[in-house]
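What follows is each chain in one-letter form.
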Amino acid sequence: MEGKKDLQQLVAVCASTLCAGILLYRSYSSARAQKEKEIERKRRTKLAQARVWESYESLDEKDVTIRKKRLASFSMERRSVTVQVPATTANMGSGYDCLGMALDMWNELTVERSDKFEIVAHGEGADKLPLDKTNLVVVGLEAAFKAAGKPVPPLKYIMSNRIPYGRGLGSSSAAIVAGILAGLALAGR
């Protein structure tokens with residue numbers, strides 16, 4: 001009987017050792033595969049960069065100048081900008097507050113340089129929105145200008161709200177994001 005227990009213990013030790021070995025091998029193989037993928041990704045990036053430089057070398061001076069002007073236009077300060085931001089939801093069953101989804105319902109914000117501060121709001125909840133600097137669009141835009149290291153000029157905000165206000169569809173986050181995007185574009189970022 002005692003020999004049978006010893007044999008069972010030996011089999012259990014061997015089985016656990018074998019399982020541990022398999023797990024170690026799998027984690028080593030996984031780490032090695034990840035490292036190989038990273039090396040391949042870096043190689044592909046270098047090849048893509050080389051192709052870009054080769055394409056610039058094959059261009060004549062006029063084409064290079066045009067491309068540089070296009071790139072520079074992305075960092076120019078703008079007179080006005082229009083952005084659209086979707087409604088969102090995170091109330092998705094078992095993924096409650098872990099999963100999110102954009103909905104096909106959009107707020108549109110146009111911001112233009114002006115002589116004085118002004119907010120014009122249309123659509124959903126327009127009568128409930130603050131028309132001063134406490135408006136979340138303005139808060140987001142001011143944060144973007146601060147991040148860009150530039151002062152906020154006098155601006156006119158034209159908001160076309162289609163996302164219901166206070167209904168759990170992300171109208172507040174849409175306002176902040178719209179302000180940030182518009183601010184970065186106006187500041188030339």
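Quick note: structure is the one above.
Conventions and cut-offs
- Residues numbered from 1 in each chain as written.
- Predicted model: local features only at pLDDT ≥ 70, side-chain atom pairs only at ≥ 80, totals over all residues.
- Heavy atoms only, no water.
- Helix = DSSP H or I, 4+ residues; strand = E, 2+ residues; numbered from the N terminus.
- Buried < 20%, exposed > 50% of the residue type's maximum accessible area, 1.4 Å probe, protein only.
- Contact = heavy atoms within 4.5 Å.
- Areas by Shrake-Rupley, 256 points an atom, 1.4 Å probe, with all protein chains shown as cover.
- Pairing = 2+ DSSP bridges.
- Axes fitted to C-alpha atoms, helices over the stretch in contact; angles between N-to-C directions.
- Core = buried A, V, L, I, M, F, W, Y, C linked by side-chain atoms within 4.5 Å.
- Patch = residues over 30% accessible without salt bridge, like charges linked within 9 Å, V, L, I, M, F, W, Y side chains within 5 Å.
- Salt bridge = Lys/Arg side-chain N within 4 Å of Asp/Glu carboxyl O.
- Expected span 1.5 Å × (residues − 1).
- Arc of directions from axis to C-beta.

**Student:** Residues and numbers for the overall build of the chain, please.
**Tutor:** Along the chain, the regular secondary structure elements total four helices and four strands. Seen in sequence order, the chain has helices and strands lined up from the N terminus as α-α-β-β-β-α-β-α. Burial analysis of the chain (189 residues in total) assigns 23% to the buried set. A separation of at least 24 residues holds for 70% of the contacts in the chain among residues at least 6 apart in sequence. Summing over all exposed atoms, the chain offers an accessible surface of approximately 13,600 Å²; the carbon and sulfur share of this is 58%.

**Student:** Break down the sheet that holds strand S2 (residues 101–113) for me, citing the residues and quoting the values.
**Tutor:** Strands sit in the order S1-S2-S4-S3 across an open sheet of four strands; the sheet is mixed. Among the strands making up the open sheet, the edge pair consists of strand S1 (80–89) and strand S3 (118–123). Strand-to-strand twist in this sheet, taken as the mean axis angle between neighbours without regard to direction, amounts to 20 degrees. Looking at chain direction, S1 and S2 are connected through 10 bridges and run antiparallel.

**Student:** Which residues make up the nonpolar core, and what values do they have?
**Tutor:** If you look at the biggest cluster of nonpolar residues, it comprises 24 residues, and the most contacted ones within it are Val81, Leu109, Val111, Leu141, Tyr157, Ala182 and Leu186. Among the elements of the structure, S1, S2, helix H3 (136–148), strand S4 (155–161) and helix H4 (171–186) are those that each provide at least two residues to this core. Looking at this core element by element, the count peaks at six residues for H4. Beyond its immediate chain neighbours, meaning those up to four positions away, Leu109 contacts Val81, Thr82, Val83, Val137, Tyr157, Ile158, Met159, Ala178, Gly179 and Ala182.

**Student:** Go over the pairing of S2, please, and point to the residues and values.
**Tutor:** With six bridges connecting them, S2 and S4 associate as antiparallel partners. By the bridge assignment, Leu109 is partnered in S4 with Met159.

**Student:** Tell me about a nonpolar patch on the surface, residues and numbers included.
**Tutor:** A contiguous nonpolar surface patch, about 260 Å² in accessible area, is contributed by Leu136, Val139, Ile176 and Ile180. Broken down by secondary-structure element, the contributors of at least two residues to the nonpolar patch are H3 and H4. Structurally, Val139 is set in helix H3. You can call Val139 partly exposed: its relative accessible area is 39%.

**Student:** Please provide a residue-by-residue account of the pattern of salt bridges, values included.
**Tutor:** Under the counting rule described, the total for this entry stands at two salt bridges. The partner of Arg41 in a salt bridge is Glu38, with the nearest N and O atoms 2.5 Å apart. Separated by three residues within a single helix, Arg41 and Glu38 lie in helix H1 (residues 2–58), roughly one turn from each other. Overall, Arg41 belongs to the partly exposed group, its relative accessible area being 44%. Put simply, Lys133 and Glu142 hold a salt bridge, and the shortest N to O gap is 4.0 Å. On the accessibility criterion, Glu142 (28% relative accessible area) is partly exposed.

**Student:** Requested: an account of H4, with residues and values cited.
**Tutor:** The α-helix winds at 3.6 residues per turn, so residues separated by three or four positions along the chain end up facing the same way. For H4, spanning 16 residues, the distance from its first C-alpha to its last is 22 Å, which sits close to the expected 22 Å at 1.5 Å a residue. Residues Ser171, Ala174, Ala175, Ala178, Gly179, Ala182, Gly183, Ala185 and Leu186 constitute the buried set of H4. With its buried residues spanning 160 degrees around the axis, H4 presents them on a single face. Residues of H4 that are buried in the fold lie against S1, S2, H3 and S4.

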